[in-house]
Structures are given as C-alpha cells and as structure tokens.
Amino acid sequence: MDLKIVKSYRENETIRHSFNKLAMEIFGIDFESWYQHGFWTERYNPYSVLLDGEIVANVSVNRMTMHTPEKEYHVMQLGTVMTYEQYRNRGYIRMLMEEIEKDYAGKADGFYLFGNDSVLQFYPKFGFEPAEEFQAVKAKTENSKAGKSESCEKLLTAEKVPMETQEDWNRFMQYIEKSVLNSCFEMVDNAQLAMFYLSSFMKDNVYYVAEEDVFAVAEMEDSSLLLTAVYADHVVDLKKVIAAFGREFQEVRLGFTPLTDDDFDMIPYKEDDCTLFLKGDCWNEYRQAKLRFPELSHA
C-alpha cells in the first residue's frame with residue numbers, strides 16, 4: 001500500500017482529476033471548469049491522502065483576507081472535507097488536519113470552517129469552537145410602484161446579466177476586484193472564489209442596476225428576495241437596489257452583513273446541517289459583533 005499526503009497539485013492533471021472524482025462522489029461538484037477558466041489559484045490548496053495513486057480523503061486550505069471597516073484579517077478557511085465511504089474511520093482527516101496545523105501554525109491570524117452536524121465533536125479536538133452567525137432581514141418592503149424607491153423618483157430596473165462566456169466572467173470579476181466595501185465583514189482579493197459560484201450554478205442570479213452602477217447577486221423566491229452580494233465602486237444604497245427588483249417583498253434577506261443595520265434586523269442564522277467553527281484569538285471581535293461570513297466566501 002502506497003499512502004502519502006499530496007498538496008499544491010492543481011497543475012497535476014492526473015491527481016486533479018482524482019480529486020474532482022472524489023468531490024463529485026461526495027458533494028456532486030466538479031472543480032475542473034473552475035480550473036480551466038483560470039479561477040483556481042494558489043489561494044485554494046487541497047491537502048489530500050493519495051492511496052495507491054487515488055485521492056481518497058481531502059481537507060482544502062483557503063487563504064482568505066477578510067475586511068471590516070476598521071481591520072484586516074488574514075485567515076485560513078478549511079473546506080471540502082471529504083473521504084470515500086470505504087476509507088472512513090482510518091484517521092485520514094486527522095492526519096490532514098495535523099499536516100495543515102504544522103504548515104500554517106503562526107502564519108495566519110486564525111482559522112475557521114463550516115462543519116456538518118455529524119462531526120460536531122470532531123473539530124473541537126483541534127481547538128475549534130462553535131460560533132454563531134447573524135443574518136440581516138427586513139420583514140417587509142413596500143414599493144408602491146414597481147422599481148421605484150421611496151426616496152427616488154427615477155425608475156430603477158435590475159437587468160439580468162449573461163454569465164455564459166469567459167468574457168462575461170472576466171468582466172464581472174474585474175468589477176468585483178474594483179468594488180469598495182459594502183459590508184461590515186467582507187472577503188477581499190479573492191474574486192476567483194466568488195466566481196466558483198457565479199460561473200456555474202449561480203450564473204443566473206447576476207443582475208445590473210444601471211441607474212446606480214451596481215452589480216447584484218440575487219435570487220427571488222415567491223414573495224422573498226435573497227440579496228447575496230452587491231458590487232460597486234461606491235457605497236451602495238440598498239433600498240434602491242431592492243427597489244430595482246420591482247416587487248413588493250414580504251421579506252428581504254442578505255447574504256452579507258450591511259454597513260448599517262437601518263431597516264434590517266440582525267437575527268441568529270444557522271444553515272441546515274452546518275455549524276461555524278472558529279479557532280484563534282482574532283475572532284474575539286467577531287464574536288461580539290452580529291456578523292455573517294459572506295455567502296460567496298464559503299469554500
């Protein structure tokens with residue numbers, strides 16, 4: 001039996017394809033198009049167990065820069081934790097976690113991850129502690145005229161943006177890169193991670209509000225609006241962006257923490273079968289504030 005830990009192998013086609021095979025088996029996702037489009041950079045580094053030439057277990061390290069209006073955090077997000085069923089309970093994930101700890105100890109302000117409910121007792125063994133997230137929710141909007149803001153007489157319209165070609169993706173990525181902070185807790189310098197979503201299963205959720213020069217990632221479900229992200233070279237008026245979707249919503253939910261909580265209630269949020277875990281003293285301020293990791297920063 002030939003067993004070893006491999007990492008930093010995204011340019012190795014054979015090992016990368018084996019990693020993708022495992023990801024498809026466990027999560028139903030494939031990283032190959034992300035790689036082929038140039039969005040997989042050194043910021044995303046799988047640590048994998050290679051057994052007889054096949055990837056059988058993995059924990060990926062994501063180098064993240066998170067900004068608040070006052071501070072910058074250089075942290076590591078662990079994700080894509082997976083093992084083929086027939087190779088579980090052999091200590092492979094523990095082996096990878098120990099290798100990551102050895103490589104990154106003292107090189108990051110902190111670590112975090114999102115774990116499913118079946119492993120809630122596992123991550124505390126490595127110093128991770130569960131933490132709470134909050135979501136900004138507005139109970140009701142009242143747009144008396146479709147697309148008109150209460151404070152603005154000009155008609156606003158959110159037009160769907162095509163996200164089908166490399167040119168479309170590159171243009172939008174450039175817009176993300178030049179965007180100013182529109183969140184109290186935002187991922188920066190990692191547009192490629194956002195493009196993992198926006199070039200694949202969220203490509204139909206991209207809109208442009210020309211009157212405000214704002215790109216928005218949003219999804220409408222019946223009488224609810226989920227505003228996942230906004231990107232602009234200026235601070236965005238969220239009321240106008242919401243109004244641009246031209247409907248009366250019973251509820252608006254944000255996939256990020258707004259700069260101000262005007263008209264929004266910050267309520268405890270927990271995704272089904274998913275718990276946030278934090279490690280490191282840098283998270284003391286995070287725990288005291290009502291924040292949420294941006295939805296497009298999950299890896």
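Fair warning: this is a prediction, and the values are worked out from it, not measured in the lab.

1. With respect to the confidence of the model for the chain
Phase 1: Of all residues in the chain, 95% have pLDDT values of 70 or greater, and the mean over the chain is 91.
Phase 2: The weakest mean pLDDT in the chain belongs to helix α7 (residues 284-288) at 88; the strongest belongs to strand β2 (residues 44-51) at 98.

2. Details of the nonpolar core
Phase 1: Ranked by size, the top nonpolar core spans 78 residues in total, and within it Tyr112, Phe172, Leu198, Tyr231 and Phe293 carry the most contacts.
Phase 2: In this structure, tyrosine 231 is in contact with Phe172, Tyr175, Ile176, Ser179, Ala194, Asp213, Val214, Phe215, Val217 and Leu296, ignoring residues within four places of it in sequence.
Phase 3: Ranked by size, the runner-up nonpolar core spans 25 residues in total, among them Ala232, Phe245, Leu254 and Phe256.

3. Brief notes about the sheet that holds strand β7 (residues 133-138)
Phase 1: Overall, mixed pairing links the seven strands, which are arranged β8-β10-β11-β12-β13-β7-β14 in an open sheet. Two strands close off the open sheet at either side, each with one partner strand: β8 (158-160) and β14 (265-269). Taking the axes of each pair of neighbouring strands and ignoring which way they run, one obtains an average angle of 35 degrees across the sheet.

4. Looking at the environment of arginine 63
Phase 1: Following the sequence through the fold, arginine 63 ends up in strand β3 (residues 54-67).
Phase 2: Using a relative accessible area of 31% as the deciding quantity, one classes arginine 63 as partly exposed.
Phase 3: Spatially, the C-alpha atom of arginine 63 lies 21 Å from that of phenylalanine 27, the residues being 36 residues apart in sequence.
Phase 4: Setting aside residues no more than four positions away along its own chain, arginine 63 makes contact with Glu42, Arg43, Val75, Met76 and Asn190.

5. A short note on the side chain of glutamine 135
Phase 1: The residue glutamine 135 is located in strand β7 in this model.
Phase 2: With sequence-adjacent residues up to four places away left out, glutamine 135 is seen in contact with Leu226, Arg253, Leu254, Asp265, Met266, Ile267, Tyr269 and Arg292.

6. Some details on the packing of helix α4 (residues 166-178) against helix α5 (residues 191-198)
Each pair of packed helices can be summarised by the angle the axes make with each other and by the distance between the axes.
Phase 1: In contact at an axis separation of 10 Å, α4 and α5 are set at 135 degrees when each is read in the N-to-C sense. By the angle between their directions, the pair α4 and α5 is classed as oblique. As α4 packs across α5, the resulting crossing turns out to be right-handed. Here α4 contributes Trp169, Phe172, Met173, Ile176 and Glu177 to the contact with α5, which in turn contributes Ala191, Gln192, Ala194, Met195 and Leu198.

The rules behind each value
- Residues numbered from 1 in each chain as written.
- Predicted model: local features only at pLDDT ≥ 70, side-chain atom pairs only at ≥ 80, totals over all residues.
- Heavy atoms only, no water.
- pLDDT = per-residue confidence, 0-100.
- Helix = DSSP H or I, 4+ residues; strand = E, 2+ residues; numbered from the N terminus.
- Core = buried A, V, L, I, M, F, W, Y, C linked by side-chain atoms within 4.5 Å.
- Buried < 20%, exposed > 50% of the residue type's maximum accessible area, 1.4 Å probe, protein only.
- Contact = heavy atoms within 4.5 Å.
- Pairing = 2+ DSSP bridges.
- Axes fitted to C-alpha atoms, helices over the stretch in contact; angles between N-to-C directions.
- Parallel < 35°, antiparallel > 145°, perpendicular 65-115°, else oblique.
- Left-handed = near helix turned anticlockwise from the far one by under 90°.

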